[in-house]
Amino acid sequence: MLAGAAAVGVTAPALAGLTAAAAPVAAAQQGKTRRITMYAEELPGGDIGYGLTPGGATVPGPVLEMWEGDTLEIDLVNNTDKRLSIHPHGVDYSTDSDGSPLNDSFNEPGERRRYVWRTREPFRKDGVWLPGSAGYWHYHDHAMGTDHGTQGLIRGLYGALIVRRKGDVLPDRQFTVVFQGMTINNKMAPHAPLLEARLGERVEFIAIGHGDFFHTFHLHAHRWADNRTGLLSGPNDPTPVVDNKDLNPGSSFGFQVVAGEGVGAGAWMYHCHVQNHSDTGMAGVFLVRNADGSMPAGAQEALDRYYGHNHPHH
Amino acid sequence: MLAGAAAVGVTAPALAGLTAAAAPVAAAQQGKTRRITMYAEELPGGDIGYGLTPGGATVPGPVLEMWEGDTLEIDLVNNTDKRLSIHPHGVDYSTDSDGSPLNDSFNEPGERRRYVWRTREPFRKDGVWLPGSAGYWHYHDHAMGTDHGTQGLIRGLYGALIVRRKGDVLPDRQFTVVFQGMTINNKMAPHAPLLEARLGERVEFIAIGHGDFFHTFHLHAHRWADNRTGLLSGPNDPTPVVDNKDLNPGSSFGFQVVAGEGVGAGAWMYHCHVQNHSDTGMAGVFLVRNADGSMPAGAQEALDRYYGHNHPHH
Amino acid sequence: MLAGAAAVGVTAPALAGLTAAAAPVAAAQQGKTRRITMYAEELPGGDIGYGLTPGGATVPGPVLEMWEGDTLEIDLVNNTDKRLSIHPHGVDYSTDSDGSPLNDSFNEPGERRRYVWRTREPFRKDGVWLPGSAGYWHYHDHAMGTDHGTQGLIRGLYGALIVRRKGDVLPDRQFTVVFQGMTINNKMAPHAPLLEARLGERVEFIAIGHGDFFHTFHLHAHRWADNRTGLLSGPNDPTPVVDNKDLNPGSSFGFQVVAGEGVGAGAWMYHCHVQNHSDTGMAGVFLVRNADGSMPAGAQEALDRYYGHNHPHH
C-alpha cells in the first residue's frame, strides 16, 4: 500500500498477544495540523508511560506519525508528582517546545502544557539541498530526575516518532524496540516483547537506544538497507545491507522487512549482540506465524524454550 | 580482475608469513549449490576453531565466499566435547539452520549436522526493492557455554563470510580481522596478526566484532568508502570516506584498498583507536612490501620495535 | 558562497565569546603546496595544545583546511619536555610523516620536525573508483605517554582537519567539538564551549572522538544528512538524516546547518546523549542569536540556568 493523500492509521494489529507497541496514532494529511492530548502516568511496578488517553499509558508510548509538512500539537498532561516533559528528535520546534529545563520547557506535576512539532520536506537554499524531516525518530522525557530526564527514561518515558515522506510505503504491522539500560522496553527475557506477524506481512521495526549502555541490535534471518527507509532505491544501490547495527543512547533507526521472506515462518530471535547483554536478558522472539495465523512447526517448542530456559547453559 | 562466470578462489597467498586468515574457500558459480564439510576442533592453548579439513582448524576460521544466488550446504562436524553450532549473518536459512539452541539447531559433542545457507540478488516486490545478500558478513558459534555462544566466541569459533554481487571486483589478497573481547583474532600485541601485501596489490579487509567490548578499527595511511564495497560508484558519490570505524559485537564490514597507494610501502599500523585498548595490545602491523616482495626502508626496524617495544612509554 | 579557485580563510569570527575553536588556517588553492609552522606548548592548568604561533596554542588546535589536490607541509616545533608528534586522519603521508613511534616519526623535546600531508581527488584505477581525500578529518598526537599518544590526547593535542572538494560550500562559522574522555574540548559543564552564531548563518560543526569512552553527539533543533557533507544531493537522496550520532575514539564527522532554520533563535543544547555523561558535564549551549546579533527572548535566562544549575535535579 502506497501512502496516499488521505492516509489513515497504518497498522491494525489483529493478532492476539501483540505486545510490543501501542497502536500508532493515525497520520494526518500532509500540510495539516493535528492536535492530540498525551498523558504521562505511573504504571504498576514503578514504570511511567505516555498514553493517548487517561489510564492508557504504555512503555514504550504510542507510535506517533507525521507526514513531511505536517504540524503536531501535543497537549501533554502530567499526571505524576514529578516534573517531566516531551522532547522530540528529528522535527522542528521553538525553544518553548524544547522539553528541556534549560529552556524552562517542562510540565510541573499536574500541569497541562502544549508542545508543537513542525516538519518539512527537503528544500533548496543558497544552492544546497537541506534535509527534510522524514525519518525514524523518537520522543522522550528531558526533565525528570535530572536536566536530561535520566529518571524519566529509566522509568519508561519514551516512544517512537515516524515522519514519512510522500510515497513512502506503509507497513502492515510495526514494532517499537527500545534498548534502555540493560532492558528491552523496560523488560528482560523471558519477558521481553513477543513480536508477532504473519508470513509475508510487511513489518516495520523502530529501534531506539536510551540510557548509559551501548548496544548492537541483531535480528535473525532478516536484513535491511542501512539508509532512511531500510529499502533499496534499485538493484545497484550501494547502501550497505545489515542485520546488526549499533543502537546507542539517543539514536534511532527503522526499517521494513517482509516477515519470513526467503526463510519461512518460525520463531526468530532478536537480541543485543553484546554477549553479556544477551546472556543476561536482552533477547526476545520475533514470531513469524504461517500466513493463515497458525503456528509453524517447531515454533511452540522454541517459545517454550525461551520462556523456560533462556539462561546460561550448564 | 572482474568477477566472471567461472570464478575460482580469489586469493593465492604467496608471501611467507601470511598469518591473518586461512585460504578462502573458492566461490562457486552463481546459482549453484556447493557442499563443504567443516570441522570444529580444539587447538593448542585453549582456542577452538573451524576448519575445512580434520586437523585444519584456525582462528578465525576460513573465509567462506558465495555469489548472490548461490546455496552453501555445510556439514559441520563437532570434534569437541561441548555443544556448538554455526550461525551466519546476512544469508537466508530456515529455522533448522539457525544455529541456535532456541531452534534446537546445534551439534551435540561428536555430532555431524547440516546447515544450509541461501542467497539472492536484490528483488522487487510490491513496488519496493528489497535488499540482496551481498555484503561482508560473518559466521560464528551460537551454542557453546550459553544460548548465545558466548564461550564459543571467546575460544575462537568465528570467521568471515563474503557474499559477492555479479561484477564485484576480486582482491589479490584478503585479511580477516576480528576484534574479539580485548584481542585481535584471539591474539594481542606483539602477537597480533602480521598482515603482509605488496605495493599495488588490491587488499581486502573483513573486519568483525565479537564479545562484550566496543571498539573502533583504524588503519594508517589507507581509507575506504563507508558503503557496501568500500569503493565509490563515481567521482560524485557522496558516501563518507573513513579510516576509523566502529567495530562492535556482531557487526562486520569490509573494504578493499590498494596497498601503499599514494603513501608508499612500509610498516603501517592497524589498531583499535580506544586508547587503553591499543595501549594494552589491540594493535598490529599491515606490512606493505615493495612490489618485488623486498622489505622497504625502515620496515624491519619498525617490526623490531613492534615486537620488542610495543608497550607504554617510560 | 561557493568554493572558488582562490579560496581564502573560510570563517571570520565576529562575535565576542567565540571560544570553541581557534581561527582556521586559510585554505590553499587546489594543487598547491603550503607550508606552516605549528607549535606544541603547555598551557595553564596542565593542558597541552597545538598552535600556529609561539604562545598561540589552543585546545583543540587550529582548524586546518586543504582542498583535494593540495599538499600541506607542517614544521612542528615541540616546546614541551616530552616527546610528541602530529598524526593525521584522511590524508596521504609517507612513513616518516606517520607521527608514530613505530615509524620513528615524532619530535623529541625541543625538536623541530617536518610532516608532509598530501591529498587527492577520487580517481579511477583498474576499473574501480577509489576514494578521494575530502572529508571532516582530524589530527592528533601519537607519541606522548604511550606509543599511541594517550597522554597527549588527554592533555589536549588534537584538532580538526578538513579536506574540501571543488564545489563544496564554505561556512560562515565553524566549531570543533571534541568528546575526549568525559570532556568536551577538555572542559565540562558549565565550562563547555559556548558556540555562538547568528540566525541564518551557515554553521559548520566538526565532531571528533578521543580517549577511552564511547559517546553519542546530539544537537537540539538541528539535523543533518549522515554523509560526507551533511547536505543532500537532491530531494530524493536516501541518506539517513540524523540529530544524534555515535562519536567514538578516533572517529570524526562534520556537517553544516543553517543556524535556527525553521526553529528560530535561542539557546539550543548540544550534549552527549549517554545519560550519565550529560548529567556529569558533557553538555554545552549552541547560542543562536538574532540576525542582528542581539539576544533572543529567553536566551539569557537559559544561559544563566546553564551556568548556575546544570546539575542533577533534587
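Residues numbered from 1 in each chain as written. Chains lettered and ligands numbered in written order. Predicted model: local features only at pLDDT ≥ 70, side-chain atom pairs only at ≥ 80, totals over all residues. Heavy atoms only, no water.

**Some details on the overall build of chain A**
- Secondary structure summary: chain A contains 3 helices and 21 strands in total.
- Relative to its 314 residues, chain A shows a buried fraction of 68%.
- Pairs at least 24 apart in sequence give 72% of the contacts found in chain A among residues at least 6 apart.
- About 9,700 Å² of surface is accessible on chain A, with carbon and sulfur atoms providing 52% of the total. (Helix = DSSP H or I, 4+ residues; strand = E, 2+ residues; numbered from the N terminus. Buried < 20%, exposed > 50% of the residue type's maximum accessible area, 1.4 Å probe, protein only. Contact = heavy atoms within 4.5 Å. Areas by Shrake-Rupley, 256 points an atom, 1.4 Å probe, with all protein chains shown as cover.)

**Some remarks on the relation of the copies chain A and chain B**
- Rotating chain A by 120 degrees and moving it 0.0 Å along the rotation axis overlays it on chain B with an RMSD of 0.0 Å. Both copies are brought into coincidence by an operation consistent with a three-fold rotation axis. Distance from the rotation axis, computed per C-alpha, reaches its smallest value in chain A at Phe214 of chain A: 4.6 Å.
- Looking at the interface residues of chain A, only 6% of them are also at the interface in chain B, so each copy uses its own face. (Least-squares fit on C-alpha atoms with pLDDT ≥ 70 in both.)

**Looking at the sheet that holds strand S9 (residues 135-140) of chain B**
- An order of S3-S10-S9-S5 (chain B) is seen for the 4 strands of this open sheet, with the pairing classed as mixed. Single-partner strands in this sheet number two, and they are strand S3 (64-67) and strand S5 (87-88) of chain B. (Pairing = 2+ DSSP bridges.)

**Some words on the pattern of salt bridges**
- Tallied over the entire structure, the rule returns 55 salt bridges over all chains.
- Residues Glu73 of chain B and Arg114 of chain B are paired through a salt bridge, measuring 3.7 Å at the closest nitrogen-oxygen approach. Within this pair, whereas Glu73 of chain B is found in strand S4 (residues 71-78), its partner Arg114 of chain B is found in strand S6 (residues 112-118), the two being separated by 41 residues in sequence.
- What makes Glu73 of chain B buried here is its relative accessible area of 16%.
- Put simply, Asp75 of chain C and Arg114 of chain C hold a salt bridge, and the shortest N to O gap is 2.8 Å. On the criterion of sequence distance, the pair formed by Asp75 of chain C in strand S4 (residues 71-78) and Arg114 of chain C in strand S6 (residues 112-118) is long-range, its members being 39 residues apart.
- The exposure class of Asp75 of chain C is buried, given its relative accessible area of 8%.
- Take Arg114 of chain C: its relative accessible area is 36%, and that puts it in the partly exposed class.
- Here the residues in one salt-bridge network are Arg35, Glu73, Asp75, Arg112 and Arg114 of chain A, joined through shared partners. (Salt bridge = Lys/Arg side-chain N within 4 Å of Asp/Glu carboxyl O.)

**Considering the interface of chain A and chain C**
- Facing 50 residues of chain A, the contacting portion of chain C comprises 53 residues.
- Between chain A and chain C lies a buried interface of about 4,100 Å² when both sides are counted; carbon and sulfur atoms form 54% of it.
- Inspection of the region where chain A meets chain C yields 4 salt bridges.
- Between Glu261 of chain C and Lys125 of chain A there is a salt bridge whose closest N-O contact spans 2.7 Å.
- Where chain A meets chain C, there are 30 residue pairs in polar contact (both at pLDDT 80 or more). (Buried area = accessible area lost by both parts, 1.4 Å probe. Polar contact = N/O pair within 3.5 Å; in protein donor to acceptor, adjacent residues only side chain to side chain.)

**Let's talk about the domain arrangement of chain A**
Residue and element names in this part refer to chain A.
- Each domain of chain A was delimited in the assignment, giving domain 1 (2-8 + 19-164) and domain 2 (173-308).
- Centre-to-centre separation of domain 1 and domain 2, based on C-alpha positions: 23 Å.
- Of the residues lining the interface, 24 residues belong to domain 1; the matching set on domain 2 comes to 23 residues.
- Summed over the shared surface of domain 1 and domain 2, the result is 1 salt bridge. (Domains from an automatic or database assignment.)

**Topic: the side chain of Arg113 of chain B**
All names here are of chain B.
- Of note, Arg113 is situated in strand S6.
- Buried charged residue Arg113 carries no salt bridge. Nearest counter-charge: Glu111, at 4.5 Å.
- A distance of 3.0 Å separates a polar atom in the side chain of Arg113 from the backbone oxygen of Asp96.
- Those residues in contact with Arg113 that lie beyond four places of it in its chain are Ile74, Asp75, Leu76, Asp96, Asp104, Ser105, Phe106 and Asn107. (Lys, Arg positive; Asp, Glu negative; His and termini not counted.)

**Side note on unusual backbone geometry**
- Here Val59 of chain B and Pro60 of chain B are connected by a cis peptide whose omega angle stands at -5 degrees.
- Position of Pro60 of chain B among the secondary structure elements: in the loop between strand S2 (48-51) and S3.
- Put simply, Ala189 of chain B and Pro190 of chain B share a cis peptide bond, and its omega is 5 degrees.
- You can see Pro190 of chain B is positioned in the loop between strand S12 (183-184) and strand S13 (194-198).
- The phi dihedral of Asn186 of chain A falls on the positive side, at around 65 degrees, and the residue is not glycine.
- Along the chain, Asn186 of chain A falls in the loop between strand S12 (183-184) and strand S13 (194-198).

**Considering the sheet that holds S2 of chain B**
All names here are of chain B.
- Pairing in this open sheet of 4 strands is mixed, and the strands run S2-S1-S4-S6 from one edge to the other. Sheet topology places S2 and S6 at the edges, where each strand pairs with a single neighbour. On average, each strand axis in the sheet is inclined to that of its neighbour by 25 degrees, with strand direction left out of account.
- As paired strands, S4 and S6 are joined by 7 bridges and run antiparallel to one another. Each bridged residue has a counterpart across the sheet, and for Leu76 the counterpart in S6 is Arg113. (Axes fitted to C-alpha atoms, helices over the stretch in contact; angles between N-to-C directions.)

**A look at the packing of aromatic side chains**
- Counted according to the given criterion, the structure contains 51 aromatic pairs over all chains.
- With centroids separated by 5.6 Å and ring planes inclined at 75 degrees, the aromatic side chains of Trp268 of chain A and Tyr93 of chain B adopt a geometry described as edge-to-face. Of this pair, Trp268 of chain A sits in strand S20 (residues 266-272) while Tyr93 of chain B sits in the loop between S5 and S6, which puts the two residues in different chains.
- Residue Tyr93 of chain B is classed as buried on the basis of its relative accessible area of 1%.
- Taking the centre distance of 6.0 Å and the plane angle of 70 degrees together, the rings of Phe214 of chain B and Phe214 of chain C count as edge-to-face. Here Phe214 of chain C lies in the loop between strand S14 (202-210) and strand S15 (216-219) and Phe214 of chain B lies in the loop between strand S14 (202-210) and strand S15 (216-219), a pairing that spans two chains. (Phe/Tyr/Trp six-rings, centres within 6.5 Å; stacked < 30°, edge-to-face > 60°.)

**Focus: the interface of chain A and chain B**
- Taken together, the contacts link 54 residues of chain A with 50 residues of chain B.
- Summing both partners gives a buried area of about 4,000 Å² for chain A against chain B, and 54% of it is carried by carbon and sulfur.
- Connecting chain A to chain B are 4 salt bridges.
- Among the ionic pairs, Asp92 of chain B bridges to Arg223 of chain A, the shortest N-O distance being 3.0 Å.
- Looking at the side of chain A that touches chain B, the elements with two or more residues in it are strand S15 (216-219), strand S16 (224-225), strand S17 (241-242), strand S18 (244-246), S20, helix H2 (275-279), strand S21 (283-289) and helix H3 (299-309) of chain A.
- Residues that form the side of chain A that touches chain B fall into these classes: 24 nonpolar, 21 polar and 9 charged. (Nonpolar A, V, L, I, M, F, W, Y, C, P; charged D, E, K, R; others polar.)

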